[in-house]
Structure formats: structure tokens, C-alpha cells
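# Examining the three-dimensional arrangement
For reference, the chains in residue letters:
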Amino acid sequence: MNIEIANRLVELRKSHGYSQEALAAKLGISRQAISKWERAEASPDTDNLMALAALYGTTLDALVNTENDQYILGNAPSDDAESAQAVPEKLPKTELQKKGIKLLKFPFPLFVVLVFVVLGFALQDWHPAWLLFLLIPIYYHFAGALTVRKKKPRLLAMPVPEVIVLLYLICGFFFSLWSTAWVLFLAIPLYYWLVGCFYKEKTPSENER
């Protein structure tokens, strides 16, 4: 893999506060795989690239935009004319990916601001109406997760922590359950553990049955 892309992956991981272990858990892969990507010894496949882009809130083009982008998913070009002409075909987008792309194009933050202002002026519900703003990262992380082709990375990219935080605040503000609603946070490691340990992608032969 191109060393510039490897360095970019390191910078993005560190800027978002992930260790190699934490990022590996998010993607459902080993820490060694992350380490090889960042040393330019191996290349992430298309699904992992899409999962990374969704996790970091960027586009796939921005993630791999260098002079040698076309080689990130394979080896460097050889002198052989035939191999130089070989261009990998792009897989068609699934229905979920198409829905995710549509959701990403929707101006959701403007919608949230509009609802917040209406509730504030009409009902004087400035608090706790500000909780609506927590829906913005939830919305975009969910939409980004839908653009991931494989189901396991898609599940790991879901905005589970953000949803738990929102539920905790709702339980606290509306029902005064601050002292007991904290148990909701136990669902976060449980979710990632269950998906990471027990969910297995079906092989093509299994899907055909």
C-alpha cells in the first residue's frame, strides 16, 4: 500500500483517539491487521476502507486520495502492459448502501435546528429540547454504517454509544433516573463483544442456500 495512505490512516486513527486495539474491535479484525496497514505492509479491502471512512466521518475518495490511489487495493503496477491495463471492477452498490448515501445527502442538521427553534419559541422548551442535537452524530454514523457492504463491519460502525448516551440523558431529565440508568452503559461493551466474538459473515455458498 502507498506509504502516504498508511501515514494518513495513522493520523486519522490518532486524531479520533483510537488505539490500534480499539480500532480493530470497531472493524471486527485483528490489531495486527491494523498494524500492517499503518506500516504499508498490507492494504485494507474495499469494505474495511468504507468502514474506516464511515467511522472517521469522511469520504472514501478523501481517505485514499493520492497519486497512487488506483493501487491501494492491489499491488504496485508492473511493467507488463497487460497487467497495467487491468482495472478492478467496482462492485454494484447494495440497497442499504444506496439508502445510506441518500441519508448522507439530506441536510439533517438544518432540520434539527429548525425543530429546536420551533420548540423553543413556541413551547419554551429550550431545555431539554437541546437533546435533539445529539441526534446529528447518531444520524450520520447510522447513515455511514449503511454504506458499509459487509454486515459485521456495518454493525460495528453503528452509533451504539451515542444512542446509549441519549437514552441515559432522557432517563435522567424526564424520569430522574440518574442513579439507576447508568446500567445502560453496560450495553456498549456488551454489544461490541457480542458482534465481535459471535457474529460470523456467511460465505457465498451459505447465502445461496
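Residues numbered from 1 in each chain as written. Predicted model: local features only at pLDDT ≥ 70, side-chain atom pairs only at ≥ 80, totals over all residues. Heavy atoms only, no water.

Applying the stated criterion across every chain, the model contains one cavity of 30 Å³ or more. Roughly 40 Å³ of volume is contained in the largest cavity. Taken together, Leu9, Leu23, Ile34, Trp37, Glu38, Leu52 and Tyr56 make up the lining of the largest cavity. Counting residues per element, the ones that place at least two in the lining of the largest cavity are helix 3 (31-38) and helix 4 (46-56). Considering every element that reaches the lining of the largest cavity, the biggest residue donor is helix 3, with three residues. A breakdown of the residues in the lining of the largest cavity according to their chemical character gives six nonpolar, no polar and one charged. (1 Å grid on protein atoms, 1.4 Å probe; cavity = no way out; pocket = protein on both sides within 12 Å on 5 of 7 lines; lining within 4 Å. Points joined across faces, edges and corners; volume = space filled by probe spheres on them. Helix = DSSP H or I, 4+ residues; strand = E, 2+ residues; numbered from the N terminus. Nonpolar A, V, L, I, M, F, W, Y, C, P; charged D, E, K, R; others polar.)

Between histidine 127 and proline 128 the backbone carries a cis peptide bond, its omega angle lying at 10°. Its place among the elements puts proline 128 in helix 9 (residues 126-129). The backbone of serine 176 shows a phi angle near 55°, a positive value even though the residue is not glycine. Checked against the element boundaries, serine 176 lands in the loop between helix 12 (160-175) and helix 13 (187-198). A residue is classified by how much of its surface remains accessible, and serine 176, at 56% relative accessible area, is exposed. (Buried < 20%, exposed > 50% of the residue type's maximum accessible area, 1.4 Å probe, protein only.)

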